[in-house]
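# Structural overview for review
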Amino acid sequence: MKIMNIDMKERMEYYNVAGLSLTLINDGQITDSCFGVLEAGTTKKVDENSVFNACSISKFLTSVLVLKLSNQGLLDINENVNNRLTSWKVPENEFTQTKKVTIRNLLRHESGIVDPEGSFSNLNTTHGVPNMIDLLMGKTSYCKEPIEVKYIPETDFHYSDAGFCIIQQLIEDIIKMPFGEIMKKFIFDPLQMTNSTYEIIISDASRRKLSCGHNKDGNVVNEKYPIYPFPAASGLWTTPTDIGKVVLELMNSLHGESKLGLSQNSVQAFFDSKGCKGWNGLGMFLDGSEKEIEVSSLGWGVGFQCMMVAFPYLGKGAIIMTNTDLGVH
């Protein structure tokens, strides 16, 4: 892939985009391009180490962690999650009699879990960081209804943050570590993703390279650094380069060259795991087929928008992150 003949500065000014970071992958090589500023009205320029809110691209990283843990035999994505959950259980009801909730159908957003209306907002400092068990039980302001199965699993698609909260809790119950530490140990460190974090309390050192969020008018949002306290679903702060390292790892794994110890067969199945709609895969969206399969993931939250798209068998991909929410994809 390569950048088309676009006047990026003019386009960014036209759309009121403060800052943009772009990583392209082509034939195993990563190239970066950066534009604009971290915060409107300042001279703090975006560079390859500038960190953006990945929002729901976090789900793609969670799916790769699941792939890694399943390769190590630490979990089975086809198993009833209640078999391994110890701190909380998915409530059994008439819908779970036919099909059980599994990691596979949670990743595909077809587990029967439907997010309650108005749930999973960004961090409210007054209410603080929610305990995941309390959240799943409907005891926090971030999710005021208990999470339960609303339809027979694998019969329909409902995009769900709650589903990924269940995956997070399951992984934490098995590994006995906080999710951010698990991701660092199994994904970030092996791939040298030095600019990726799940920090909820932003340190002064981190702030120097963090992008502020902006609205469609180009103004800094009230929260400045919007935090989503649901790591597996939407809590990742990262760079396009670091996401590119994950994409490249999956591409290399298809040729038996994995740094994470992923088998060729497992990665092939990962890209071929289409759900009930045909375009919903394991923590990502799918288009095309066989060697021309396209995988994508979108992130959209307060003050930020980003996108990952890749053609794993063709060795091409792009990750775009902006610190502006334009109100449309």
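Okay, so let's go over this structure. (Residues numbered from 1 in each chain as written. Predicted model: local features only at pLDDT ≥ 70, side-chain atom pairs only at ≥ 80, totals over all residues. Heavy atoms only, no water.)

## Thoughts on the overall build of the chain
Here is the rule we go by: To qualify as a helix, a DSSP run of H or I must reach at least 4 residues; to qualify as a strand, a run of E must reach at least 2; elements of each kind are numbered from the N terminus. The reference for a compact globule is 2.2 Å times residues^0.38; the radius of gyration itself is calculated from the C-alpha atoms. What makes two residues a contact is simply this: any of their non-hydrogen atoms within 4.5 Å. To be clear on the numbers: accessible area is Shrake-Rupley with a 1.4 Å probe, and residue cover counts the displayed protein chains and nothing else.
A count of helical and extended segments in the chain gives ten helices and eight strands. What you see for the chain is a C-alpha radius of gyration of 19 Å, in line with the 20 Å of a compact globule of 329 residues. C-alpha atoms of the chain, sized along the principal axes, occupy 55 × 50 × 35 Å. Pairs at least 24 apart in sequence give 67% of the contacts found in the chain among residues at least 6 apart. Surface summary for the chain: the accessible area is close to 14,600 Å², and the carbon and sulfur share equals 49%.

## So, the packing of helix H2 (residues 57–71) against helix H6 (residues 179–188)
Pairs of packed helices are described in terms of their axes, by the angle between the two and the distance that separates them. Just so we agree on the cut-off: All axes here are fitted lines through C-alpha atoms, helices being fitted over the stretch that makes contact, and every angle between N-to-C directions spans 0 to 180 degrees. Handedness of a crossing is defined here by the sense of rotation of the near helix relative to the far one, left-handed for an anticlockwise turn of less than a right angle and right-handed for a clockwise turn. When residues are sorted by character, Ala, Val, Leu, Ile, Met, Phe, Trp, Tyr, Cys and Pro go into the nonpolar class, Asp, Glu, Lys and Arg into the charged class, and all the rest, Gly among them, into the polar class.
Contact pair H2 / H6: the axes reach a minimum separation of 11 Å and the direction vectors enclose 65°. Relative to H6, H2 is oriented so that their crossing is left-handed. Judged by residue contacts, Leu61, Thr62, Val64, Leu65, Lys68 and Leu69 of H2 engage Phe179, Ile182, Met183, Phe186 and Ile187 from H6. Across the contact of H2 with H6, the residue classes tally to nine nonpolar, one polar and one charged.

## Let's talk about the sheet that holds strand S5 (residues 285–287)
Note the cut-off: Strands qualify as paired when DSSP identifies two bridges or more between them.
Read from one edge of the open sheet, six strands run S2-S1-S8-S7-S6-S5, paired in antiparallel fashion. Of all the strands in the sheet, just strand S2 (29–36) and S5 have a single pairing partner and so form its edges. Going from strand to strand, the sheet's axes swing by 15° on average, the running direction of each strand aside. Pairing geometry for S5 and strand S6 (residues 294–301), over three bridges, is antiparallel. Following the sheet pairing, Phe285 is matched in S6 by Ser296. On the sheet, helix H9 (residues 240–253) packs against strand S1 (19–26), S2, strand S7 (304–311) and strand S8 (316–322) and is oriented at approximately 20° with respect to S1.

## A closer look at the pattern of salt bridges
Under the convention used in this document: Put simply, a salt bridge is a Lys or Arg side-chain nitrogen that is within 4 Å of an Asp or Glu carboxyl oxygen. Exposed residues in this analysis have more than 50% of their type's maximum accessible area, buried residues have under 20%, and partly exposed residues fall in between, with area computed by a 1.4 Å probe over protein chains only.
What the rule picks out here adds up to eleven salt bridges. With its nearest N and O atoms 3.2 Å apart, the salt bridge here joins Lys100 to Glu92. Taking the relative accessible area as the measure of exposure, Glu92 reaches 44% and is therefore partly exposed. Look at the salt bridges and you will find they share partners, linking Glu39, Lys44 and Lys224 into a network.

## Things to note about the packing of aromatic side chains
In this description, a pair of aromatic rings is defined by centroid distance and the angle of the planes. The cut-off we apply is this: Ring pairs are drawn from Phe, Tyr and Trp, using the six-membered ring of Trp, whenever the two centres fall within 6.5 Å, and their geometry is named by plane angle: stacked under 30 degrees, edge-to-face over 60, tilted for the rest.
All told, the structure shown has ten aromatic pairs when counted by the stated rule. Ring geometry for Phe157 against Trp279: centres 4.9 Å apart, planes inclined by 70°, an arrangement best described as edge-to-face. With Phe157 in the loop between helix H4 (132–136) and helix H5 (161–175) and Trp279 in the loop between helix H10 (264–271) and S5, the pair connects residues that are 122 residues apart, well separated along the chain. Look at Trp279 and you get partly exposed, because its relative accessible area is 38%. Taken together, a centroid distance of 5.6 Å and an interplanar angle of 85° make the contact between Phe179 and Tyr198 edge-to-face.

## Description of empty space enclosed by the protein
To keep it simple, the criterion reads: Throughout, the protein atoms alone are placed on a 1 Å grid, and a set of points is a cavity if a 1.4 Å probe fits but cannot get out or a pocket if it is open with protein on both sides within 12 Å along at least five of seven lines; lining residues have an atom within 4 Å of a point. Grid points are joined across faces, edges and corners, and a volume is the space filled by probe spheres set on the points.
Counted by the stated rule, this structure contains two cavities of 30 Å³ or more. One number sums up the size of the largest cavity: a volume of about 40 Å³. Around the largest cavity, the lining residues are Phe60, Val247, Leu250, Met251, Phe271, Val295, Met308, Ala310 and Pro312. Contributions of two or more residues to the lining of the largest cavity are made by H9 and S7. Element by element, the count of residues in the lining of the largest cavity is highest for H9, at three residues. Class assignment for the residues of the lining of the largest cavity results in nine nonpolar, no polar and no charged. Of the pockets and cavities examined, the second largest cavity occupies roughly 30 Å³. Forming the boundary of the second largest cavity are Leu75, Asp76, Glu79, Asn80, Val81, Arg84, Ile103, Leu170 and Ile174. Among the residues making up the lining of the second largest cavity, the classes are represented as five nonpolar, one polar and three charged.

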